[in-house]
Amino acid sequence: DAGVIQSPRHEVTEMGQEVTLRCKPISGHNSLFWYRQTMMRGLELLIYFNNNVPIDDSGMPEDRFSAKMPNASFSTLKIQPSEPRDSAVYFCASSLAFGTETQYFGPGTRLLVL
Amino acid sequence: GNSVTQMEGPVTLSEEAFLTINCTYTATGYPSLFWYVQYPGEGLQLLLKATKADDKGSNKGFEATYRKETTSFHLEKGSVQVSDSAVYFCALSISNDYKLSFGAGTTVTVRA
């Protein structure tokens, strides 16, 4: 079975540009998570969706960040405008259902904002 | 609140050495406990988990026992290989809560 799929795997952009990260969760999984990983802050939960509905976006750092889940098989995380401090690895994860603890992570998108 | 504290790294050891990574937790209620592993350039993978006190999780030669009395879930492996070089994360989840609370991660490097 395919795992969580993320694209692109690497993104280099200039400050001020819009960045869109994409995620396809495991088929049948109802919960989706976006994380950010940096050396300084470690692993941070940005936003959580259940059945395509955003449940908790308290981890989204600023209004420059937005996330959508238009259907059960696709989600996007958008940064507009991007800044150098947004440089990080962004992970998407999915789990079978609300309250199911095991999360399955994608390979991540390594973002560099110059 | 819920939190996990794991030993700071980095940890460097030789092949076939014994590995222990300490993890302790604070939680309201009865958590499930996890170890995730992140190999270089990859996402996190579930290594093992335990859902109740005295349960032992095991996988790929790694073991961890859920100790309620000491609020601990230490990860151990008797004989490490170079391929075990990775970052290891301890985590917990409370029943009916979607959030995983992660530790800071411990970087392990195994030398041949």
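Scroll up for the structure.
Reading the values: the criteria
Residues numbered from 1 in each chain as written. Chains lettered and ligands numbered in written order. Predicted model: local features only at pLDDT ≥ 70, side-chain atom pairs only at ≥ 80, totals over all residues. Heavy atoms only, no water. Disulfide = S-S within 2.5 Å. Helix = DSSP H or I, 4+ residues; strand = E, 2+ residues; numbered from the N terminus. Buried < 20%, exposed > 50% of the residue type's maximum accessible area, 1.4 Å probe, protein only. 1 Å grid on protein atoms, 1.4 Å probe; cavity = no way out; pocket = protein on both sides within 12 Å on 5 of 7 lines; lining within 4 Å. Points joined across faces, edges and corners; volume = space filled by probe spheres on them. Nonpolar A, V, L, I, M, F, W, Y, C, P; charged D, E, K, R; others polar. Core = buried A, V, L, I, M, F, W, Y, C linked by side-chain atoms within 4.5 Å. Contact = heavy atoms within 4.5 Å. Buried area = accessible area lost by both parts, 1.4 Å probe. Polar contact = N/O pair within 3.5 Å; in protein donor to acceptor, adjacent residues only side chain to side chain. Pairing = 2+ DSSP bridges.

### Looking at the state of the cysteines
Working step 1: All chains considered together, the criterion is met by 2 disulfides over all chains.
Working step 2: Here Cys-23 of chain A is linked by a disulfide to Cys-92 of chain A, with a sulfur-sulfur distance of 1.9 Å. Taking the torsion about the sulfur-sulfur bond, which here is approximately -65°, the covalent link between Cys-23 of chain A and Cys-92 of chain A counts as left-handed. Of the two residues, Cys-23 of chain A sits in strand S3 (residues 19-24) while Cys-92 of chain A sits in strand S9 (residues 88-95), which places them 69 residues apart along the sequence.
Working step 3: Exposure remark for Cys-23 of chain A: the relative accessible area of 1% places this residue in the buried category.
Working step 4: Residue class for Cys-92 of chain A comes out buried when judged on its relative accessible area of 0%.
Working step 5: There is a disulfide in this structure between Cys-23 of chain B and Cys-90 of chain B, and the S-S distance comes to 1.9 Å. Around the S-S axis, the bridge from Cys-23 of chain B to Cys-90 of chain B shows a dihedral of about -70° and counts as left-handed. Of this pair, Cys-23 of chain B sits in strand S4 (residues 23-26) while Cys-90 of chain B sits in strand S10 (residues 86-94), and the two are 67 residues apart along the sequence. In this structure, Cys-23 of chain B and Cys-90 of chain B share a single accessibility class: buried.

### Focus on the layout of surface pockets
Working step 1: In this model, the largest pocket occupies a volume close to 710 Å³.
Working step 2: In terms of lining residues, the largest pocket is bounded by 35 residues, among which Gln-37 and Met-39 of chain A together with Gln-38, Val-87 and Phe-89 of chain B are the most central.
Working step 3: Those elements that provide at least two residues to the lining of the largest pocket are strand S4 (31-38), strand S5 (42-50), S9 and strand S11 (109-113) of chain A together with S10 and strand S12 (106-111) of chain B.
Working step 4: Considering every element that reaches the lining of the largest pocket, the biggest residue donor is S12 of chain B, with 4 residues.
Working step 5: Among the residues forming the lining of the largest pocket, the class breakdown is 15 nonpolar, 16 polar and 4 charged.

### With respect to the nonpolar core
Working step 1: Ranked by internal contacts, the top residues of the largest apolar core, which has 27 residues, are Trp-35, Phe-73, Leu-75 and Tyr-88 of chain B.
Working step 2: Mapped by element, the contributors of at least two residues to this core are strand S2 (11-14), strand S3 (19-21), S4, strand S5 (31-38), strand S6 (44-50), strand S8 (62-65), S10 and S12 of chain B.
Working step 3: No other element matches S10 of chain B, which puts 5 residues into this core.
Working step 4: With residues near it in sequence (within four places) discarded, Phe-73 of chain B still touches Cys-23, Leu-33, Phe-34, Trp-35, Leu-48, Lys-49, Ala-50, Ala-64, Thr-65, Tyr-66 and Cys-90 of chain B.
Working step 5: Ranked by size, the runner-up nonpolar core spans 21 residues in total, among them Val-4, Trp-34, Ala-88 and Tyr-90 of chain A.

### Side note on the interface of chain A and chain B
Working step 1: Listed per partner, the contact involves 18 residues of chain A and 17 residues of chain B.
Working step 2: Roughly 1500 Å² is buried in total at the junction of chain A and chain B, and carbon and sulfur atoms are behind 57% of that figure.
Working step 3: Taken together, the connections running from chain A to chain B amount to 4 residue pairs in polar contact (both at pLDDT 80 or more).

### Comments concerning the pairing of strand S7 (residues 56-59) of chain B
All names here are of chain B.
Working step 1: Across 4 bridges, S7 lies against S8 in antiparallel orientation. Bridging across to S8, Gly-57 finds its partner in Ala-64.
Working step 2: Hairpin connection between S7 and S8: a loop of 2 residues separates the two successive antiparallel strands, and Lys-60 in this loop has a positive phi of roughly 55°.

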